[in-house]
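# A closer look at the structure
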There are 2 protein chains.
Amino acid sequence: MNRGHVGQSPPRNEDHRLLTGNALFVDDVHLEGMLHVAFVRSDYAHAILHGVDTSAALERPGVVAVITAEMLGDYWQPGPLLVPPPPVEGLIFNQASQVPLAKDRLRHVGEAIAMVLAESRYIAEDAAADVIVDAEPLEVAVDLEAALLPDAPVLHPQLGTNLAAHVVQKHGDYDKAIEGAELVINRRFHYDRGAAAAMENRAVVARWDVRAEELTVWDTTQAPIPIRNGLARMLGLLESQVRVVAPFVGGGFGPKIMMFYPEEVLVPWAAIRLGRPVKWVEDRQENFFATTQERSQIHHAEMALSRDGRILGIRDFFWHDTGAYDPYGLTVPINSQCTLLGPYDVPAYHSEFRAVFTNRTTVTPVRGAGRQHGVFVMERLLDIAARELGLSPQEIRRRNYLRSDVFPHTFQILFQDFAPLYYDSGNYAPALEAALDIVGRHTFRAEQEAARAEGRFIGMGIVSYVEGTGIGPYEGARVTIEPSGRVRVATGLGTQGQGHYTAFAQIVAEVLDVNVGDVNVVTGDTREFGWGTGTFASRGAVVAGSACHESATIVRRKVLEVGARVLGSTVDEVELHHGTVRVTADPSRAIGFGQLAGHANPLRGAVIPGTEPGLEATAYFGPDHGSTASGVHAMVVEVDPETAIVRIDRYIVVHDCGKLINPVIVAGQVQGGVAHGIGNAFYEQLIYDEGGQLLNASFADYLLPTALDVPRVEMAHRETAAPLNPLGLKGVGEAGCIPTGAAFAQAIEDALPHLALEIREIPLSPSRLFELLQAAGPAAARPVIADESAIAAD
Amino acid sequence: MNRGHVGQSPPRNEDHRLLTGNALFVDDVHLEGMLHVAFVRSDYAHAILHGVDTSAALERPGVVAVITAEMLGDYWQPGPLLVPPPPVEGLIFNQASQVPLAKDRLRHVGEAIAMVLAESRYIAEDAAADVIVDAEPLEVAVDLEAALLPDAPVLHPQLGTNLAAHVVQKHGDYDKAIEGAELVINRRFHYDRGAAAAMENRAVVARWDVRAEELTVWDTTQAPIPIRNGLARMLGLLESQVRVVAPFVGGGFGPKIMMFYPEEVLVPWAAIRLGRPVKWVEDRQENFFATTQERSQIHHAEMALSRDGRILGIRDFFWHDTGAYDPYGLTVPINSQCTLLGPYDVPAYHSEFRAVFTNRTTVTPVRGAGRQHGVFVMERLLDIAARELGLSPQEIRRRNYLRSDVFPHTFQILFQDFAPLYYDSGNYAPALEAALDIVGRHTFRAEQEAARAEGRFIGMGIVSYVEGTGIGPYEGARVTIEPSGRVRVATGLGTQGQGHYTAFAQIVAEVLDVNVGDVNVVTGDTREFGWGTGTFASRGAVVAGSACHESATIVRRKVLEVGARVLGSTVDEVELHHGTVRVTADPSRAIGFGQLAGHANPLRGAVIPGTEPGLEATAYFGPDHGSTASGVHAMVVEVDPETAIVRIDRYIVVHDCGKLINPVIVAGQVQGGVAHGIGNAFYEQLIYDEGGQLLNASFADYLLPTALDVPRVEMAHRETAAPLNPLGLKGVGEAGCIPTGAAFAQAIEDALPHLALEIREIPLSPSRLFELLQAAGPAAARPVIADESAIAAD
């Protein structure tokens, strides 16, 4: 079956709505009598909360209610974790879920204390400032390693420790591996925090229709179905009485899949309690405090190698900062643990992490979701080892890639899907060579030399990664051919810009032989499709796309059966042709899908026993394992050793995400991911002071890369089909940002070989790189200016 | 399986919402920026429409738009009939569907000419009065028989005739039958118009959400899914972009299943066009003109009998008034044609009808839907024949009942479901005897004599009927056990007071062994369930109830399978027990349904291949034939021959609707049906003058029976299980009103035997009965007062 829809890049079905300003975002929901919310949030990183005085706020005209923890009655039970920890032997996991409004204790700056509901957001904000919080500051635990020391202040007294989790996973025998090692590299690496910085902040609107007994919640969530289920449980409603709509969302990137943000349950709760619709839209400053973040880990990693550069084993101890609460479980550090192994043949692996509560905003997955850390550690170890062994970075990688004949390949450690880490397919070495060809295998070093002669320092970084994508448990889709002949596809996951309206339409159009523009896709509305999990872990296209394929295939069979019956023929004698069924031997005998839909749903007579009415099917896809994407990123940078400014001249991505549904969408994902990765690597860092105060909670202070900072990515596709799903798909949503930090570090070192830099931290902000360059000694070409203020004025 | 839920009468699940005023009716929908509608309607029964001047109306402050036919552009294509005519040989059918707003010609008083949209209904009504309609009156066709005469004015010039349809159906050979007849009865019967007079009038609210690309329509319709489909077709939307909600509705009775009322498409059209929500609620006067009506038929019927009172054959020519348009097809006259045969062995039948366009409001089914006419004709013929033959009314029926061993029994005429008229099961004669026992087989005549001695005239009517119920094509249901352990049932048909929320819950509770109160039923929301037809033809419980049963049975199997797996057992070793699955041999090993629902929908791991997540199933039920309910109604009346006032002293119903799901709901349906039937028989008649003007378009002039006029019905149940559906159900929604007229006529005649009355018309209003009594001669006991004004003052 090849109708040319899959693999093409038709105009996106969603673009008309987006470009005409008619796409629905949560803030577009305006309801009669709607109240607006502002939150009173903690100024303290850690404090005892003695009381909240709302009296002045309540006197302000236009204020309808000020909700505090006491008014909520018993706290909602936090319920099962969205992602419970995997069943690893000896695993310790201490759960500390956030509560809707703080009671007794404040654990991070920005934690919600009270909810003000007023006739306008203006009034609500003013009234929030009227609320007096009586709190007694406590010592803070901000430093990741110090937080586990015996005298550290404990965030959750009932646990008696800041240890959120301790997990040891092993593959092979590392102790034995190191016995035979000829080189052992041992370093400390630090990967620090960033924000997801989606264009749209979070937002929730809720309406309780007492007469319809229906709660409707518009939510920027990436997981509308779990949100619906959780709201039903917490609010004592049937799941089917709750409709959660995740409409167009201006970027997800992970933090929008929390279970639950306080605001997500408080807004619906208040709508029911007050009998009026309620809206809350997060402002940017709130987003810096109240939306989850990621990336703080400290690794003490050791690699044992043979003299010829073969990895014998790796041992990694790491500390993972989970922030003040750990409602999301261990997905991020488990990902770090698993992704570290990369495309390499690692016979022995000992990985042990401690997740740690700190007085900082809660950590949950942000695009990459822990994978960056693993890749950074592995790639840095290889670079350092290569230097020790006198090998090029490329050569040491070549010597360690898994061979193309080892798949499926399994490591004896559990992945986030609870199954042993499983590489379904791949072919790693050729990607490196392809990337080198693009960079200029035979020309780059000469260019580098020539630039050096001009006093310019250019360097190349080239690194590899493997990404587990497309995990279960499942997604579903319903495909319907309507009497108009157009096709409707409904699936349960939400969309935050991934192009699902087009990609899923292409899959269905391919199966049914209709135009992509005639396939109308709806996502993220639990009333449309109520089974599934959500958009995360680069799984949308793989899992929901496969469900679309399966449903369309069943509908195709129905079309052939009903068509054959109506045409007085047999299924074997008919075929699909551009929205019709026709008799293969006599194409003049044909019937359009729309008319056929009428035949399949008679208004008189009976439906044929054992059949369902209409041309519709619902199917589910639940893969046993995900599919592992992989790739090589190469980066060419020019570093100004005087100012520590780095310009990224070229960025090359050779990636393998299996079969491409839509090359332009894939390219968009990669380009966006690289921008995200460049931000994480060079610009973005959340700076907490020792008191737990975030110092750069605005876009004036928190640097995002601009279009000028991100080059157009040069891409090459490789396709290793995924054997576990019908279209051979692998996820691509996160790949772009995963290896960027590692490539960046290698490239800077390569640009300045005379400094013998060894970069062991990310983000590497311009000022931090300046410090590192300073420490490394005077620049080769020009003197380093020691006066930082001069740089700041540059 | 007998858990005692089916066959009981638990408290109704819907009553809490209804009794606390929290049930959603369409008029309860209030939306931000909503516009209100008033219609400019025709004052003419028949006219050429030259023009509509809206300029004055548009100048009124608060008026947003005045829509006329010209502004609609091309009329919407009327589309396929909801119920096309059955494939009877030689059938003539001339379709004349109404248009949203009149153009060129007006065909009945009350036809919509212009739609005024304003900020309030008050303004809209005032502005409607400002609209100037330039029309030129035409001769009218009001009289049913005269409308087919050559010189009658023709409503639809393109047809060249007022003949809407001509249908001949035959069973056996009537010409041969009459050759051997020893008695031939030939009479003209007239059954005139009434209104459905639901407590709630029609109402439509529509909202177009341009960003969600969703049209939501709240509509009092009985058929939300066909309305959704039709709206999508006419407005160029996907069916899945249209959500039709038929919430609680204050009575349906048939007229709320039109396709389409002009208002039903104009209100959504305006909401899209103007970008604001629009509401229209029909007022009572509009309802008399603009909501469909029923019942005008004239029969010329002939019965051939043997001397011993056996029916040899029946020939019936009848004229059916279809009003100004015939969008609903031929359901009503086809029902009359088929239902006439009743529970009797009729070897030969020739039935021929003409449906006729008249300048009166369009006719579509009203509770009974043509069945009354057939029963009235048959029962009257039997009564007249009995009198001729010197038999009692009971005896002639006994001699003609179909025997209990003839089922399934087929007549060679097509029913409204396009299949030959099919009696699935029945046992008729015992119902008559049961009714006689209740009336007082051995005492009634003595009571009658005793009353007569006191100058009181009491009489008994006792008649039979068979009602085809529960026809296809199909309905569906989705049953879900939620993680709370509660059960959700969704089905596509709407509810207008039938108790579906309880009856369907009982069916599902029976299968799943849960409490009826834990089963939450939702109906009439196309977003909840989008396949099905609607609530009509006494089919809800039979067809949708059977679909609920089927779905619940599949869920039950899933519960046992998942339960056995979780309990480490086999399906054969476990059983359901009050919301749990337990090991039969060790009841301590048990798991609740709610917990089981979680096991069936894992958040990690994969769904088991070939299964669906959750404890949910969707199933459809499409019977090959309907199931035929039957019964005997007996009525004891006292007639005042002086005033023509009739008091109904007793009303006995012995009915067979198969297995009872909920006896109290069945009793309510019967009681309500009888009240409806009494109204039709005695009080309610729409009086059109010769110019086509309706003279009694208000409840001040159109008489409805009050609670004082309707006795408490004495009921007895007989259960002849229906073999074609799993629970053995037959419909009961219309039965109460079908034979009432026939019983009423017989009872009055029986009360006044000395007058030798022969009642051949219904309704028999008090004043019309007075005329008949006058014509029959002086009263036996007291003189009839000839002065009508004296009666009116009585």
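Residues numbered from 1 in each chain as written. Chains lettered and ligands numbered in written order. Predicted model: local features only at pLDDT ≥ 70, side-chain atom pairs only at ≥ 80, totals over all residues.

## With respect to the overall build of chain A
The helix and strand inventory of chain A stands at 19 helices and 30 strands. For 794 residues, the compact-globule formula gives about 28 Å, and the C-alpha radius of gyration of chain A, at 28 Å, lands near that figure. By its C-alpha atoms, chain A is 90 × 75 × 50 Å across when sized along the principal axes. Residue pairs at least 24 apart in sequence account for 81% of intrachain contacts in chain A once pairs closer than 6 positions are excluded. (Helix = DSSP H or I, 4+ residues; strand = E, 2+ residues; numbered from the N terminus. Rg over C-alpha atoms; globule rule 2.2 N^0.38 Å. Contact = placed C-beta atoms within 7 Å.)

## Structural notes on the domain arrangement of chain A
Residue and element names in this part refer to chain A. Parsing chain A into structural domains produces domain 1 (15-21 + 472-621), domain 2 (35-149), domain 3 (197-290) and domain 4 (419-467 + 629-794). Taken together, the contact pairs 15 residues of domain 1 with 13 residues of domain 4. When contributions to the side of domain 1 that touches domain 4 are tallied by element, the ones reaching two or more residues are helix H13 (500-512) and helix H14 (540-566). Per-element tally for the side of domain 1 that touches domain 4: the top contributor is H14, with 6 residues. (Domains from an automatic or database assignment.)

## A few points about the environment of glutamine 169 of chain B
All names here are of chain B. Counting through the fold element by element, glutamine 169 comes out in strand E8 (residues 163-171). Among the residues examined, glutamine 169 registers 23 C-beta atoms within 10 Å and is labelled buried. On a C-alpha basis, the gap between glutamine 169 and glycine 90 in space is 9.6 Å, while along the polypeptide they are 79 residues apart. Apart from residues lying up to four places away in sequence, glutamine 169 is in contact with Val88, Gln337, Ser351, Ile413 and Leu414. (Buried ≥ 20, exposed ≤ 12 C-beta atoms within 10 Å, placed from the backbone.)

## A short note on the packing of helix H13 (residues 500-512) of chain B against helix H14 (residues 540-566) of chain B
Residues and elements named next belong to chain B. It is the contact of H13 with H14, at a shortest axis distance of 9 Å, that shows an interaxial angle of 30°. Where H13 crosses over H14, the handedness of that crossing is right-handed. Contacts between H13 and H14 involve His500, Ala503, Phe504, Ile507, Val508, Val511 and Leu512 from the former and Gly540, Ala541, Ala544, Gly545, Cys548, His549, Ala552, Thr553, Val555 and Arg556 from the latter. Tallied by class, residues from the contact of H13 with H14 come to 11 nonpolar, 5 polar and 1 charged. (Axes fitted to C-alpha atoms, helices over the stretch in contact; angles between N-to-C directions. Left-handed = near helix turned anticlockwise from the far one by under 90°. Nonpolar A, V, L, I, M, F, W, Y, C, P; charged D, E, K, R; others polar.)

## Here's the deal with the sheet that holds strand E16 (residues 349-357) of chain A
Residues and elements named next belong to chain A. The strand order across the open sheet built from 7 strands is E4-E8-E16-E15-E14-E9-E30, with neighbouring strands paired in mixed fashion. Strands at the two margins of the open sheet, each flanked by one partner only, are strand E4 (92-93) and strand E30 (761-762). Pairing of E4 with strand E8 (residues 163-171) involves 2 bridges; the strand directions are antiparallel. If you follow isoleucine 92 over to E8, its bridge partner there is histidine 166. (Pairing = 2+ DSSP bridges.)

## Focus: the relation of the copies chain B and chain A
Between chain B and chain A, which share one sequence, the superposing operator has a rotation angle of 180° and an axial displacement of 0.0 Å; the RMSD is 0.0 Å. Given the turn and translation reported, the copies of this chain are related as if by a two-fold rotation axis. Scanning chain B for the C-alpha nearest the rotation axis identifies glutamate 32 of chain B, at a separation of 2.3 Å. Mapped onto chain A, 100% of the interface residues of chain B again fall at the interface, so both copies present the same surface. (Least-squares fit on C-alpha atoms with pLDDT ≥ 70 in both.)

## Regarding helix H5 (residues 224-235) of chain B
All names here are of chain B. Over its 12 residues, H5 runs 16 Å from end to end, which matches the ideal 16 Å to within 8%, given 1.5 Å per residue. Counting buried positions along H5 yields 9 of 12 residues, so the element is predominantly enclosed. Of the residues making up H5, those classed as buried are Pro224, Ile225, Pro226, Ile227, Arg228, Asn229, Gly230, Leu231 and Ala232. Buried residues in H5 make contact with strand E11 (214-219), strand E12 (242-245) and helix H6 (262-274). Just downstream of H5 lies glycine 236, where phi reads positive at about 70°. (Expected span 1.5 Å × (residues − 1).)

## A short note on unusual backbone geometry
A cis amide bond, omega 5°, links glycine 472 of chain B with the succeeding residue proline 473 of chain B. Along the chain, proline 473 of chain B falls in the loop between strand E19 (457-469) and strand E20 (475-481). Omega for the bond connecting isoleucine 762 of chain B with proline 763 of chain B falls within 30 degrees of zero, at 0°, which places this linkage in the cis form. Examined against the element boundaries, proline 763 of chain B turns out to sit in the loop between strand E30 (761-762) and helix H18 (766-776). Positive phi outside glycine occurs at aspartate 513 of chain A, with the angle close to 55°. Here aspartate 513 of chain A shows up in the loop between H13 and strand E22 (519-523). In this structure, serine 538 of chain A takes a positive phi of about 45° despite not being glycine. By secondary structure assignment, the location of serine 538 of chain A is in the loop between E22 and H14. The buried category is assigned to serine 538 of chain A, around which 31 C-beta atoms lie within 10 Å.

## What about the packing of helix H8 (residues 331-339) of chain B against helix H9 (residues 371-389) of chain B?
Residues and elements named next belong to chain B. As a packed pair, H8 and H9 sit with axes 7 Å apart at the nearest point and diverge in direction by 30°. If you check the angle between H8 and H9, you find them roughly parallel. Considering only the axes of H8 and H9, their crossing is right-handed. From H8, Asn335, Ser336, Gln337 and Thr339 reach across to H9, where they touch Arg371, His373, Gly374 and Val375. Across the contact of H8 with H9, the residue classes tally to 1 nonpolar, 6 polar and 1 charged. (Parallel < 35°, antiparallel > 145°, perpendicular 65-115°, else oblique.)

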